[in-house]
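# Working through the structure, step by step
Spelled out, the chains give:
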Amino acid sequence: MSRALAWLGGRLGFPRRALHLRGASPADADSFARLHAEGFHIAWDSAEFERLLADPLARAFLATAGAGGPAVGFVLFKGVRPETEILSVAVARARRGEGIGRKLLERGFSLLAAEGFRTVFLEVEDGNASALRLYEHLGFREIARRRDYYRTATGASATAIVMRRDIA
């Protein structure tokens, strides 16, 4: 469903299904790959997500449209206590702007802190304004830059901003 149709449905009184957040497993690899392909021009495939989701050092959370509904977002972390890194965050194009990414990250931070993680790192493309706003809103601060770290959809090089946030 397009964002415009979703907005219209909400205006006409057809509410979206309640957001459901849960831990993810290798069985969710296809959903992760589909969402990742919507948000990144170099997408990871299902086999890559299956491998990552099976890794004991990874923690992942999935947002669905209602319990048992279709996947609408995910976050994937990997690390060794006390530090972890956000490997990827993606939200379905039609559901962006609803706070799903923020809710996934906040849930992840809470559960990771309870497991003894204290610090979260990430890299984000310098030109990704919406992601930068989200991360800054959540308390991340820039600690470094990596020139030529990414390739844009046109093949041009792009800088990665390395960010950090303490969660406990």
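Coordinates for the structure precede this section.
Note that the structure is predicted; figures quoted are calculated from it, not measured.

## What about the pairing of strand β2 (residues 58-65)?
Where a strand is regular, its side chains alternate between the two sheet faces. By the criterion of burial, β2 is predominantly enclosed, with seven of the eight residues buried. Strand direction decides the pairing type here: strand β1 (residues 19-23) and β2, joined by five bridges, are antiparallel. Each residue of the ladder has a partner; that of Arg-22, found in β2, is Leu-62. In this antiparallel pair of consecutive strands, β2 and strand β3 (residues 71-80), the connection spans five residues, and Gly-66 shows a positive phi of 80°.

## Comments concerning the sheet that holds β1
Picture the strands of a sheet paired through backbone hydrogen bonds; they go either parallel or antiparallel. Overall, mixed pairing links the seven strands, which are arranged β1-β2-β3-β4-β5-β7-β6 in an open sheet. Either end of the sheet is taken by a strand with one partner, and the two such strands are β1 and β6 (141-151). On average, each strand axis in the sheet is tilted by 25° relative to the strand beside it, whichever way the strands run. On top of the sheet, helix α2 (residues 29-39) reaches β2, β3 and β4 (83-91); it is set at about 105° to β3, its chief contact. The strands touched by helix α3 (residues 46-54) are β2, β3 and β4; relative to β3, the strand with the most contacts, the crossing angle is about 50°.

## Describing the packing of aromatic side chains
Inspection of every chain in the model, using the stated rule, returns nine aromatic pairs. Their ring planes at 70° and their centres at 5.6 Å tell us that Tyr-135 and Phe-140 sit as a pair that is edge-to-face. No difference in accessibility class separates Tyr-135 from Phe-140, as the two residues are buried. Taken together, Phe-61, Phe-77, Phe-109, Tyr-135 and Phe-140 form an aromatic cluster joined through their ring pairs.

Each value, and the rule that gives it
Every chain's residues receive numbers from 1 upward, in the order its sequence appears when written. Totals for whole chains, interfaces and linings use all residues, but because this is a predicted model, local features are given only for residues with pLDDT of at least 70 and pairs of side-chain atoms are given and counted only at 80 or more. Neither water nor hydrogens contribute to the side-chain values; these are computed over all heavy atoms in the structure. Burial status follows relative accessibility: with a 1.4 Å probe on protein chains alone, a residue under 20% of its type maximum counts as buried, one over 50% as exposed, and anything between as partly exposed. Numbered from the N terminus, helices here are DSSP runs of H or I no shorter than four residues, and strands are runs of E no shorter than two. For two strands to count as paired, DSSP must find a minimum of two bridges between them. Only the contacting stretch of a helix is used when fitting its axis, a line to C-alpha atoms as for every element, and angles between N-to-C directions run 0 to 180 degrees. Should any heavy atoms of two residues lie within 4.5 Å, those residues are considered in contact. Stacked, edge-to-face and tilted are the three classes for Phe, Tyr and Trp ring pairs, Trp counted by its six-membered ring, which pair at centre distances within 6.5 Å; planes under 30 degrees apart are stacked, over 60 edge-to-face, the rest tilted.

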